[in-house]
Each structure stands twice: as structure tokens, then as C-alpha cells.
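Listed below are the residues making up each chain.
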Amino acid sequence: MVSAASYEARKFGVHSAMPMVQARKRCPHAVILLPNFRAYREFSTAMFRILEKYSPLVEVTSVDEGYVDLSGTLKLHRAPAWTVADRILREIRSELGINVSAAAAPTRAWAKMATGLAKPNGLLYLEPSRATLLVGCLPVSAIPGVGKKTEDILNRAGIQRVADLATTPRESIRRLLGLWGDRLMRIATGSSSRQIRADAPDGQKSYSKDRTLEADTTDYVFLRTLVRQLAEKLAARLRSDGKGATTVTLKVRYHDFKDVSRSISLKEPTNLNSEIIDTLDRLFFLTIKKRSPVRQIGVKFSGVGRPALQTDLFDPNRQLRRERDRIVDAIRERFGFESVLVSGCGASNSHSRR
DNA sequence: TCTGGGGTCCTAGGACCC
DNA sequence: TCTGGGGTCCTAGGACCC
């Protein structure tokens, strides 16, 4: 699949989430690169460091996107917001050598929407007196959170543009979309009040990992082995972050794209392989019932928190298992995941689609 | 054109408690 | 024996985002 496409490639109709086969067809001379998440992480950190020089209120929303509250800039920098925004972008470009786009606007949703218009590599300032007019012209799909489904619902009700949404009676929108409709109305009218939070105090909320198989299968021995491998890799991430999870979920996508998930919540957060795998074994039999070929299978940990280490004090067995996990992690860190295969995890990965 | 992987947030129903 | 309403947690699924 295409993770991202350059503007040059986009001219040929290539876009993210497109299957590579198709992308190659549309743009045979494209330069194809494998992702390099380590590099993205480094640039991301450097970029946000620059943002933080200009405002204490920086919210990171993804590796390449965030919000900066510049409402205090007049006092702090003796310059209006758009001047400061311009300075920030210039600094990012010159320090990091990458393109970047932004918009300055009265609300965060409008800033995000306007940034779409500023791309590539531009800055758009939404002057408050004209902002309503400009935003109003955008299609409802430009609103963050409005995807295909919501767009269809709104369009069928004759609501095409943000201005239409802003002027439709609240009751009608509520009938169409419930509480979500209320939020959309507030975004459309510019009265949304979500503040920019200088960042997430509790951090990541869930960890998940899934695999789409090379070919659909009903080979349950293989599937169970794969689930264990995914779980062990994911649990290692929990351990390395010093976290645990209370809820374990197993998700299966069948050949017909029907998704089924089952989850179990434990009494307290854990990151022990043994406890997690026992739980997944139970879930496996709850989830996989029919003789239906499986396309994708995945594991998710949620209810992330501090692991319940105190429990170890009363359970020497648990201490041993924790120690074993620690050793396995250390070996795998040095010699790769396959260097240690815990009972029944030896099956080949030949079913894997990627 | 067959449809990845890693996330977030929301909803709705049921269990359980007060 | 039948009845309230509110709060919280759990579970399953869905929409959406990068």
C-alpha cells in the first residue's frame, strides 16, 4: 500500500492507501521508497522543538501534525500571530530542509481546514472578519471528522458546504447525526471551543498489532501461533514503556471483510507474556468459531496504565515469569525476534502477505 | 481498483451498585 | 413483589485520521 505520495506522483492519481499495484500502473516511473519511521521520528521531534520555542502551548496530534496556540504572541513576541507563524515555518524549512504548511485561524478546526488550502508549503492567515466566508465555501468533507459516511448523510439532506451546515437548524442536524451533529455545527459556525492542550498527560491509550495474511486461511494452528507472536512483540513494547494493559482484544477479519472482535478485561494491568497469551487463547476460541477463512488477525491492548508489580510480592511464580520476559526481551533486542521462539511459536511466517 | 497498519473517539446495551 | 433513577464499568462495533 502507498503510505504517502509526493505531489509529483499525485498528479498521476496516486494517493495514500492505494494498493502498490495500482500506483505502479498509474505512475510507472515513480521512485518508490520504503518507510523509515526512525527518520520521521527524528524530524518530528526536531520540528516540535522549534514550535515549542514560540509557544508553551503546543499539541502534538501525529508525527507530522500539531497545533500551536499563538494567542499570546503579541505580548510575548511583540508580533501578531501570522508574523510569528511565518517565522516558525521559515525556521523549520531552513533548519530541517523540509516543506511545511500551516494556517492561522480563530479555532483549531478552522486552522486545520485552512491548512488544506495552504498546501503545499504555504501559510494561510484566516482573518477573523473574512474567515466565516472562506470556510463556508468549503465542502463539508473538509471538516476534520467528516469522512465518507457523514458526508453522504449530509449531502443527502442537501447540505453540501460548511455554510449550509452552519445555517441549518440545529434540530435537523441533531436528528441526522445525534450529538456528533452538535459538534459539527459548532465547528461549522466557528464556535467550537476545544482548547489546545500542551500535551497528553497520560500518553498512549492503546497498543495494537495486526497482520493481513498472504492468503486467507482456516489453519488455526498457524493463526494461533501468529497471535502469540503479535502478542509477544506488543507486550515487549508495553514492558519497554514500563506500562501494562487491563484489556486484551483479539480481532479477526474474515475473507468477506467482516470484522469480529472479542475482549477480556483483567483485574489489573499486566505486561506478562504468560498472562496475555492465556487470555488470548481464551479469546481465540470465543472469536474463531465458524469455518470461515481468515484474512487478517490482530491483537490490541487497552486500559493502559502502570503494571501491577505489587502483585509479584505475593506470587514468586510471577516474579520468575517477569524475569523470563526480561531475558527474552534482551536476547531478542540483540539477535532478533526469531532468536527466541517460545513453545509452539516456531511455525513459519510464510502466510504473511507482507 | 480490491480494500495496510497504528491509532483515537464515540455509541449503545447490559451488568451491577447505591 | 414490583418499582425509580443515576453512575460506572465492560463489551462490541463503527467512523475517522495519518
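Residues numbered from 1 in each chain as written. Chains lettered and ligands numbered in written order. Predicted model: local features only at pLDDT ≥ 70, side-chain atom pairs only at ≥ 80, totals over all residues. Heavy atoms only, no water.

**As for the pattern of salt bridges**
Counted under the stated rule, the structure contains 21 salt bridges. The partner of Lys-53 in a salt bridge is Glu-91, and the shortest N-O contact between them spans 2.4 Å. Here Lys-53 is found in helix 3 (residues 37-54), whereas its partner Glu-91 is found in helix 5 (residues 81-96), with 38 residues between them in sequence. Lys-53 gets classed as exposed once you look at its relative accessible area, which sits at 54%. For Glu-91, a relative accessible area of 14% corresponds to the buried category. Its salt-bridge partner being Glu-171, residue Arg-174 comes within 3.3 Å of it at the nearest N-O pair. A residue pair is termed a helical-turn pair when its members lie 3 or 4 positions apart in one helix, as Arg-174 and Glu-171 do in helix 10 (residues 170-177) at three residues. Note on Arg-174: relative accessible area 34%, which makes it partly exposed. Residue classification places Glu-171 among the partly exposed positions, given a relative accessible area of 43%. Residues joined in a network through salt bridges with shared partners are Arg-170, Glu-171, Arg-174 and Asp-182. (Salt bridge = Lys/Arg side-chain N within 4 Å of Asp/Glu carboxyl O. Helix = DSSP H or I, 4+ residues; strand = E, 2+ residues; numbered from the N terminus. Buried < 20%, exposed > 50% of the residue type's maximum accessible area, 1.4 Å probe, protein only.)

**Notes on the layout of surface pockets**
Computed from the structure, the second largest pocket encloses a volume of approximately 380 Å³. Every residue lining the second largest pocket is counted, 16 residues in all, and those nearest its centre are Lys-209, Glu-232, Lys-233, Ala-236 and Arg-237. When residues of the lining of the second largest pocket are traced back to their parent elements, those giving at least two are strand 5 (206-217), helix 12 (220-240) and helix 14 (316-335). It is helix 12 that provides the largest number of residues to the lining of the second largest pocket, a total of six residues. A class-by-class count of the residues in the lining of the second largest pocket yields three nonpolar, three polar and 10 charged. (1 Å grid on protein atoms, 1.4 Å probe; cavity = no way out; pocket = protein on both sides within 12 Å on 5 of 7 lines; lining within 4 Å. Points joined across faces, edges and corners; volume = space filled by probe spheres on them. Nonpolar A, V, L, I, M, F, W, Y, C, P; charged D, E, K, R; others polar.)

**Observations regarding the protein's contact with DNA strand C**
Surveying the vicinity of DNA strand C reveals 18 residues, the closest of which are Asp-64, Lys-112, Thr-150, Ser-263 and Ser-265. Contacts to DNA strand C include Arg-262, whose side-chain N or O atom sits 3.4 Å from a phosphate oxygen. Within the residue set of the surface near DNA strand C, elements represented by two or more residues are helix 8 (148-156) and strand 7 (259-270). For the surface near DNA strand C, the per-class residue count stands at five nonpolar, seven polar and six charged. (Near = heavy atom within 4 Å. Polar contact = N/O pair within 3.5 Å; in protein donor to acceptor, adjacent residues only side chain to side chain.)

**Quick notes on a nonpolar patch on the surface**
Taken together, Phe-37, Tyr-40 and Val-63 make up a surface patch of nonpolar side chains, about 310 Å² in accessible area. Locating Phe-37 in the fold gives a position in helix 3. Overall, Phe-37 belongs to the exposed group, its relative accessible area being 61%. (Patch = residues over 30% accessible without salt bridge, like charges linked within 9 Å, V, L, I, M, F, W, Y side chains within 5 Å. Areas by Shrake-Rupley, 256 points an atom, 1.4 Å probe, with all protein chains shown as cover.)

**Concerning the protein's contact with DNA strand B**
Around DNA strand B lies a shell of 20 residues, among which Met-1, Lys-205, Ser-206, Thr-212 and Arg-237 are the nearest. The sugar-phosphate backbone supplies 73% of the atoms of DNA strand B found within 4 Å of the protein. At 2.9 Å, a side-chain N or O of Gln-204 approaches a phosphate oxygen of DNA strand B. Counting residues per element, the ones that place at least two in the surface near DNA strand B are helix 11 (179-189), strand 5 and strand 8 (294-305). Here the residues of the surface near DNA strand B are counted per class, giving five nonpolar, six polar and nine charged.

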